[in-house]
Amino acid sequence: MKLEFDDSNATYDKGTYKRVLDLDTATVKVEYSANGVEYLREYFALNPDQVIAMKISGNKLANLNFTVYLDSKLHHHSYVNDKNQIIMDGSCQGRRIPPKVYGNDSPILRGPPKSNESSNPQGIQYSAVLDLQISDGAGGVRVLDGRKLRVEGCNSAIILLVASSSFDGPFTKPVDSKKDPKSSSISKMDSVKRFSYGDLYARHIDDYQALFHRVSLQLSKSSKNVTVNPLRENTDETISTAQRVKSFKINEDPSLVELLFQYGRYLLISCSRPGTQVANLQGIWNKDIEPAWDGAQHLNINLQMNYWPSLPCNLNECQEPLFDYISSLSINGKKTAEVNYNASGWVAHQVSDLWAKTSPDRGQAVWALWQMGGAWLCTHLWEHYTYTMDKDFLRNKAYPLMESCASFLLDWLIEGRGGFLETNPSTSPEHTFIAPDGKPASVSYSSTMDMAIINEVFSSIVSAAEVLGKKEDALIARVRKAQPRLYPTKIARDGSIMEWVQDFEDPEVHHRHVSHLFGLFPGHSITLEKTPDLCKAADYTLYKRGEDGPGWSTVWKAALWARLRDSNHAYQMIKHLFDLVDPDRESDYEGGLYSNLFTAHPPFQIDANFGFSAAVAEMLVQSTVKDLYLLPSLPRDKWANGCVKGLKARGGVTVSICWSEGELDEVGLWSKNQNTEKSLHYGGITATVKISSATVYTFDKQLKCVKTQSLY
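What counts, and where the lines are drawn
Residues numbered from 1 in each chain as written. Predicted model: local features only at pLDDT ≥ 70, side-chain atom pairs only at ≥ 80, totals over all residues. Heavy atoms only, no water. Helix = DSSP H or I, 4+ residues; strand = E, 2+ residues; numbered from the N terminus. Rg over C-alpha atoms; globule rule 2.2 N^0.38 Å. Contact = heavy atoms within 4.5 Å. Expected span 1.5 Å × (residues − 1). Bend = angle between axes of the 7 residues up to and from the residue. Phe/Tyr/Trp six-rings, centres within 6.5 Å; stacked < 30°, edge-to-face > 60°. Buried < 20%, exposed > 50% of the residue type's maximum accessible area, 1.4 Å probe, protein only. Lys NZ or Arg CZ within 6 Å of the ring centre and 35° of its normal. UniProt positions renumbered as here; feature names shortened; annotations may be inferred. Salt bridge = Lys/Arg side-chain N within 4 Å of Asp/Glu carboxyl O. Core = buried A, V, L, I, M, F, W, Y, C linked by side-chain atoms within 4.5 Å. Pairing = 2+ DSSP bridges. Axes fitted to C-alpha atoms, helices over the stretch in contact; angles between N-to-C directions.

1. Some remarks on the overall build of the chain
On a plain count of helices and strands, the chain comes out with 16 helices and 28 strands. Taking 2.2 N^0.38 as the reference for a compact globule, 712 residues should give roughly 27 Å; the C-alpha atoms of the chain span a radius of gyration of 27 Å, in line with that estimate. Along the first, second and third principal axes, the C-alpha set of the chain runs to 85 × 70 × 50 Å. The long-range fraction of contacts in the chain, counting pairs at least 24 apart against all pairs at least 6 apart in sequence, stands at 64%.

The following block contains the structure:
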């Protein structure tokens, strides 16, 4: 949607220009003054009605003049109808453009795919409708070139935009789709126009804040050593987000951490809701016809990280598209398991797409050959149950997918050395080693990540079977028999966690992936309580890997350090992300933030935005179904005072914590619809508490209950 303003706006007062995204209302406002007129644009995207709404106004009558039209980088045609509406029809390319391969140098093109299909197959069709309304009493609208609307001399204007496509799921080819995007868009617009702009805004606020307001976070430094922030001395000065990011290395402003934490929640609410597609590498904010790495769903960290904050940050509904996507993967993955491996169950590899691709990718084995993508995703199904305790979800949605995944893993494991079961061939995502002959290699057997993911899936399905009364099932018996024979995580000669089954030389010790630490986070097989030796090795592994890497690597390391209860290193990784990236020189950077707080690989990838929120939550609250650890990795000198309300813990418990000068003041716990028992841990104190449903319990720093009250 393009807006062109007349020459009077070109001489605007630059000192008055402000562009603000309000996370509390998910509304953007643009303000500026030109020739004595104060202009305001505000816009929001309303999920229930699937419409983008914009209002443009000025503070003086009859001073609003602009042209609006629709454009696209894709093939399209647009025209104005007799209702002050612009209709756009278009089509995507019918053949996939070969993706670019990004490395340390400039991206290169892979070879074009071979196909026996027609040279010009039909692509997805799309349509959009833009509706323009101007205020009564002044001005008018005329049509330009048959496809543009020109507003002249009005007081305010409201623009509504809806769009549809012919995409009908991953199993329907574009040419076979029965969906009519134009009629769908027109119908949507007719439905939306039943509401006034004010009504639409109210519906938007109700929908968005029902999710966003579940969690609040306030952080501040100690009052004992507060220094004046030179950027804040002039209280009338507006500080840009870019300036705040740039100054973080000096002032370490805790409120910017709050902002980035809530920004991650805002982004997940805004791109992944029941009925939408799953969030891809750019969420929904891809601007390119040929995005980096196809803008695809990558299953070796990126897609999973997109959904890390959904449970601890109290947005479990936002996971629904992920579960729908896993269901689609399981259908294609059953074919891949049968055709590629002569195995039962389902499998997915590293790179997928909108069409739920599950087969190995083209190219080198180091990124193409990895059979654990679907298995990792299945751990999200069990995690959803542990946070929500929703047995219906476990029984009807999660368990069938987990069961079929476990079936594949049992078939994939083979008899190996020393009586162990092994995976073979096996890779550690995107990383290589030096083989005994001195040459670089990527394929071995039983990589640490392979075994850690399988261990996690097996543990989860055994637990799920106990919950559902299926522990005597034949498949569970096979899983139990296999569990003690899985190759264990080993410690290398230098004291780090071995990434491969043998202690191979690592040619790139600072590699961006930390796959061999899956068992620590997001997995649960490496814990301070049960495996202290492995935790010590994990500590050294992180030290060896270093701090540098893409944004997603930075925040994964923050979460890993948090699991180790090392608040200093966890905070160091949080701080490391606050590096302002110049988009014109982005290849000079590793990780960092763009001026709008999008995280950088670079280029832009949204996973670290989500991983950041999850990592901060992990620093403040950690849990198992039975245990709750309070402020386990709080950087007491950096976030000396604070309060977090509404985080979720495993076992269906909601947690609120306040602290001052680095010490716990009080914690509130409640469970909406079940009775539970928890062991609380803080500062060397452990207390076992019983929590009744719909009751809020308040505990002091000694973990003694000082207050109870009804939740309703």
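2. Some details on helix H7 (residues 320-341)
Along an α-helix, residues three or four apart share an orientation, since each turn contains 3.6 residues. Along its 22 residues, H7 runs 30 Å from first to last C-alpha, staying within 8% of the 32 Å computed at 1.5 Å per residue. Maximal helix bending in H7 amounts to about 30°, located at Asn332. With its phi angle positive at about 50°, Asn342 sits one or two positions after the end of H7.

3. Section: the packing of aromatic side chains
In total, this model carries 31 aromatic pairs according to the counting rule given. Their ring planes at 10° and their centres at 6.0 Å tell us that Tyr263 and Tyr266 sit as a pair that is stacked. Within this pair, Tyr263 and its partner Tyr266 are both found in helix H5 (residues 254-271), separated by three residues, close to a single helical turn. Side by side, Tyr263 and Tyr266 carry an identical accessibility label, which is buried. Taking 5.2 Å as the distance between ring centres and 85° as the angle between the ring planes, the aromatic pair formed by Trp376 and Phe518 counts as edge-to-face. Residue Trp376 is found in helix H9 (residues 373-388), and its partner Phe518 is found in the loop between helix H12 (474-482) and helix H13 (532-545); the two are separated by 142 residues along the sequence. Residues Trp376 and Phe518 agree in their burial class; the two are buried. An aromatic cluster is present here, built from Tyr208, Phe212, Tyr263, Tyr266, Trp285, Phe598 and Phe604 joined pairwise through their rings. The ring of Tyr445 has Arg417 sitting right over it, with the charged end atom 3.9 Å from the ring centre. We note Arg565 situated over the ring of Tyr629; from NZ or CZ to the ring centre the distance is 4.4 Å.

4. Here we look at the environment of Arg417
Relative to the elements of secondary structure, Arg417 occurs in the loop between strand E16 (414-415) and strand E17 (421-422). Accessibility expressed as a relative area gives 48% for Arg417, which makes it partly exposed. Between the C-alpha atoms of Arg417 and Tyr487, which are 70 residues apart in sequence, the distance is 9.6 Å. If near-sequence neighbours (up to four positions away) are discounted, Arg417 is found in contact with Glu422 and Tyr445.

5. Observations concerning the UniProt feature "domain: Alpha fucosidase A-like C-terminal" (unreviewed entry) in the chain
UniProt's entry tags residues 622-682 with the feature "domain: Alpha fucosidase A-like C-terminal" (unreviewed entry), counted in the numbering of this structure. Helix makes up 0% of residues 622-682 and strand 62%. Its end C-alpha atoms lie 11 Å apart.

6. Considering the pattern of salt bridges
A side chain with one charge can pair with a side chain of the opposite charge if their charged atoms come near. Under the counting rule described, the total for this entry stands at 28 salt bridges. Across the pair Glu499 and Arg545 runs a salt bridge, and its minimum N-O distance is 3.1 Å. Of this pair, Glu499 sits in the loop between H12 and H13 while Arg545 sits in helix H13, and the two are 46 residues apart along the sequence. In this structure, Asp582 and Arg585 form a salt bridge, with 3.5 Å as the shortest nitrogen-oxygen distance. One salt-bridge network, in which partners are shared between bridges, spans Arg142, Arg150 and Glu152.

7. Some thoughts on the side chain of Glu383
The topology assignment puts Glu383 in helix H9. Its relative accessible area of 15% is what places Glu383 among the buried residues. Excluding its chain neighbours within four sequence positions, the residues that come into contact with Glu383 are Leu311, Pro522, His524 and Arg650.

8. Considering the nonpolar core
General note: in soluble globular proteins, nonpolar side chains tend to be found buried as a group. Residues Phe458, Trp556, Phe612, Leu620, Val655 and Ile657 are the most contacted members of the largest nonpolar core, which totals 152 residues. Counting 25 residues, the second largest nonpolar core, distinct from the first, contains Ala34, Leu132, Leu149 and Ala157.

9. Digging into the sheet that holds strand E2 (residues 13-22)
Spatially, eight strands are ordered E2-E3-E4-E5-E14-E11-E8-E7 in an open sheet, and the strand pairing comes out antiparallel. Sheet topology places E2 and strand E7 (75-80) at the edges, where each strand pairs with a single neighbour. Taking the axes of each pair of neighbouring strands and ignoring which way they run, one obtains an average angle of 15° across the sheet. Most of the contacts of helix H3 (residues 197-212) go to strand E4 (residues 37-46), to which it runs at about 55°, and overall it touches strand E3 (27-34), E4, strand E5 (51-58) and strand E14 (156-165).

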